Amino acid sequence: MYLGKKVSIVLPVYNEIENVREAIDEFLRHPAVDELIAVDNNSRDGSDAEIKLTSAKYVKETAQGYGAALQRGMREAVGDLIVTVEPDGTFRASDLDRLLIYSQDYDVVLGTRTSRILVWSGGDPGVNIDFFLRMGNWAVAKLLEYLFNGPSFTDVGCTYKLIHRRAYEKIKNSFTVKGNWFSPEYMIRVLQHKLSVVEI
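Right, let's walk through the structure included here. (Residues numbered from 1 in each chain as written. Predicted model: local features only at pLDDT ≥ 70, side-chain atom pairs only at ≥ 80, totals over all residues. Heavy atoms only, no water.)

### A closer look at the packing of aromatic side chains
- For the structure on display, the rule yields six aromatic pairs.
- Taking the centre distance of 4.9 Å and the plane angle of 75° together, the rings of Phe175 and Phe182 count as edge-to-face. Take Phe175 and Phe182: they sit in the same class, and that class is buried.
- Grouping aromatic residues by their ring pairs yields a cluster made of Phe27, Phe91 and Tyr160.
- When the ring centre of Tyr58 is taken as origin, the NZ or CZ atom of Lys52, which lies over that ring, is 4.6 Å away.
- Just above the ring of Tyr186 sits the side chain of Lys161; from NZ or CZ to the centre is 5.6 Å. (Phe/Tyr/Trp six-rings, centres within 6.5 Å; stacked < 30°, edge-to-face > 60°. Buried < 20%, exposed > 50% of the residue type's maximum accessible area, 1.4 Å probe, protein only. Lys NZ or Arg CZ within 6 Å of the ring centre and 35° of its normal.)

### Observations concerning the environment of Ser47
- Structurally, Ser47 can be placed in helix H2 (residues 47-52).
- Under the relative-accessibility criterion, Ser47 is labelled buried at 0%.
- For Ser47 and Ile17, which are 30 residues apart along the polypeptide, the C-alpha to C-alpha distance reads 4.5 Å. (Helix = DSSP H or I, 4+ residues; strand = E, 2+ residues; numbered from the N terminus.)

### Considerations on helix H3 (residues 66-76)
- Among the eleven residues of H3, eight are classified as buried, and the element is accordingly described as predominantly covered.
- Against strand S1 (7-13), strand S2 (33-40), strand S4 (81-84), strand S6 (161-164), helix H7 (165-171) and helix H8 (182-192) lie the buried residues of H3. (Contact = heavy atoms within 4.5 Å.)

### Digging into the side chain of Thr112
- When you line up the elements, Thr112 lands in the loop between strand S5 (108-110) and helix H5 (116-120).
- On the basis of relative accessibility, which here comes to 19%, the residue Thr112 falls in the buried class.
- When near neighbours in sequence (up to four residues on either side) are disregarded, Thr112 contacts Thr154, Asp155, Cys158, Glu199 and Ile200.

### Re the pattern of salt bridges
- What the rule picks out here adds up to ten salt bridges.
- Residue Glu61 pairs with Arg72 through a salt bridge whose shortest N-O separation is 3.3 Å. Of this pair, Glu61 sits in the loop between strand S3 (57-60) and H3 while Arg72 sits in helix H3, and the two are eleven residues apart along the sequence.
- With a relative accessible area of 9%, Glu61 lands in the buried category. (Salt bridge = Lys/Arg side-chain N within 4 Å of Asp/Glu carboxyl O.)

### What to know about the side chain of Thr159
- Along the polypeptide, Thr159 turns up in the loop between helix H6 (131-147) and S6.
- A distance of 2.8 Å separates the side chain of Thr159 from the side chain of Tyr66, its partner in a polar contact.
- Setting aside anything within four residues of it in sequence, one finds Thr159 in contact with Tyr66, Leu70, Thr84, Val85, Glu86 and Phe91. (Polar contact = N/O pair within 3.5 Å; in protein donor to acceptor, adjacent residues only side chain to side chain.)

### Overview of the sheet that holds S6
- If you walk across this open sheet you meet the seven strands as S3-S2-S1-S4-S6-S5-S7, and the pairing is mixed. Strands with a single pairing partner mark the edges of an open sheet, and in this sheet they are S3 and strand S7 (197-199). The average angle at which neighbouring strand axes cross in this sheet is 20°, direction not considered.
- Judged from the three bridges that link them, S5 and S6 form a sheet pairing that is antiparallel. Bridge pairing in S6 links Val108 to Ile163. (Pairing = 2+ DSSP bridges. Axes fitted to C-alpha atoms, helices over the stretch in contact; angles between N-to-C directions.)

### Details of the environment of Asp155
- When you line up the elements, Asp155 lands in the loop between H6 and S6.
- Judged by its relative accessible area of 2%, Asp155 is buried.
- Sequence separation between Asp155 and Gly111 is 44 residues; the distance between their C-alpha atoms is 7.9 Å.

### Regarding empty space enclosed by the protein
- Scanning all chains against the criterion turns up one cavity of 30 Å³ or more.
- Roughly 30 Å³ of internal volume is contained in the largest cavity.
- Together, Tyr66, Leu70, Thr84, Thr159, Lys161, Phe182, Ser183 and Tyr186 line the largest cavity.
- Contributions of two or more residues to the lining of the largest cavity are made by H3 and H8.
- Broken down by element, the lining of the largest cavity gets its largest block of residues, three residues, from H8. (1 Å grid on protein atoms, 1.4 Å probe; cavity = no way out; pocket = protein on both sides within 12 Å on 5 of 7 lines; lining within 4 Å. Points joined across faces, edges and corners; volume = space filled by probe spheres on them.)

Here it is, written out as structure tokens:
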């Protein structure tokens, strides 16, 4: 719980046997986390068994796709603050504090992996983003920023996002993307509904 608000973590899981259990355990150790929903998106590597060894809520989503898994997990969440993040070993539970702090002032808090300090100078070797992916994410983010008169964006592909339930309720029925392009759609829906948003 964070300032009286329940916090839900949603993990989309597709063949993450090497990292999923450690990610679940790490986020569940965070004192603000009230529930963790791990959405198995037809994994074939035993990820489902790893999830079931933890105290995470196991959910099976048979509609294939990153967006389908995240949307299912967000629907299952009961928290006042819903956080999406991938269990691939590149995101840390300790960074949740940063999103929570900004949640006091914004409806939506978006993470970025393109920070000059963390990535461009090689400051964080755990960040899973190469030069071309970084530049592509930056270019599409700037396009969204221009098209929707949004705030400064640098990364459309980062899964680490926080949304207040009241804001989620406004946009949840407008989601259409089941595949990999769900993240930019999420950002577009936030801008279309004029929710307050910041990228950190």
